[in-house]
Each structure stands twice: as C-alpha cells, then as structure tokens.
Amino acid sequence: NNGCLRISVADRGPGIPDGHKEEIFDRFKRLEKGAVKGTGLGLAIVKKVVEAHEGRCWVEDRPGGGSIFYVDIPTG
C-alpha cells in the first residue's frame, strides 16, 4: 500500500465465493439475478477506471460475513 491511496467499502451481504472473486469485475457478470436490479457493469467500470490510473481493485471476505472491496491508486 506504500505510495497508494487505498479505498475500501465493506458490506454485510452473503459474501462472494472464492471462485467468483475475479469474475465479478467482468462486464455483465452477476452472481445472482434476484431482486437486485442492475446490468452487471458497475464493478467492470470501476476496474477499467482504476486500471487506467495504474491501480488495482479486488475483493476479500469480511470477517463476520460479507465482503470488502478494495481500490489502490498510485499517488506518485
């Protein structure tokens, strides 16, 4: 994290299985289509913007349930 601005957002949802943690950043990928509306573009847009600034984004399990989404953007 040295030389980077780190932003994190945590939720208390059902979590994301390890096998899907990479693909949720792909366009039109949604793990569940249920009652949540959306196109599956949000995280793909985040990834493109972050990568355009030579940063990275990823998701990890949140202790106690849910997920934590991280974005690192270089500051130098």
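Summarised in this report is the structure supplied together with it.

**With respect to the environment of V9**
Part 1: Looking at the secondary structure, you find V9 in strand β1 (residues 4-10).
Part 2: Remark: the alpha-carbon pair of V9 and F69, spanning 60 residues in sequence, is separated by 5.2 Å.

**A closer look at the environment of F69**
Part 1: Residue placement: F69 occurs in strand β3 (residues 67-74).
Part 2: Sequence separation between F69 and W58 is eleven residues, and the spatial gap between their C-alpha atoms is 5.9 Å.
Part 3: In contact with F69, other than residues within four places in its own chain, are I7, S8, V9, D11, I16, I24, F25, L43, W58 and V59.

**Notes on a nonpolar patch on the surface**
Part 1: A grouping of L5, I7 and V9 is seen on the molecular surface, where their side chains present a nonpolar patch of about 270 Å² in accessible area.
Part 2: Residue placement: I7 occurs in strand β1.
Part 3: A residue is classified by how much of its surface remains accessible, and I7, at 44% relative accessible area, is partly exposed.

**Side note on the sheet that holds strand β2 (residues 56-61)**
Part 1: One open sheet holds the three strands; their spatial order is β1-β3-β2, and the pairing between them is antiparallel. Only two strands of the sheet have a single neighbouring strand rather than two, namely β1 and β2. Here the strands of the sheet are splayed against their neighbours by 20° on average, with no regard to which way each runs.
Part 2: Relative to β3, β2 runs antiparallel, the two being bridged by six bridges. Within β3, the residue paired with D61 across the bridge is S67.
Part 3: Each of β2 and β3 is contacted by helix α1 (residues 42-52), which is oriented at about 25° to β3, the strand it contacts most.

Reading the values: the criteria
Residues numbered from 1 in each chain as written. Predicted model: local features only at pLDDT ≥ 70, side-chain atom pairs only at ≥ 80, totals over all residues. Heavy atoms only, no water. Helix = DSSP H or I, 4+ residues; strand = E, 2+ residues; numbered from the N terminus. Contact = heavy atoms within 4.5 Å. Patch = residues over 30% accessible without salt bridge, like charges linked within 9 Å, V, L, I, M, F, W, Y side chains within 5 Å. Areas by Shrake-Rupley, 256 points an atom, 1.4 Å probe, with all protein chains shown as cover. Salt bridge = Lys/Arg side-chain N within 4 Å of Asp/Glu carboxyl O. Buried < 20%, exposed > 50% of the residue type's maximum accessible area, 1.4 Å probe, protein only. Pairing = 2+ DSSP bridges. Axes fitted to C-alpha atoms, helices over the stretch in contact; angles between N-to-C directions.

Remember that the coordinates give geometry; whether it matters functionally is a separate question.
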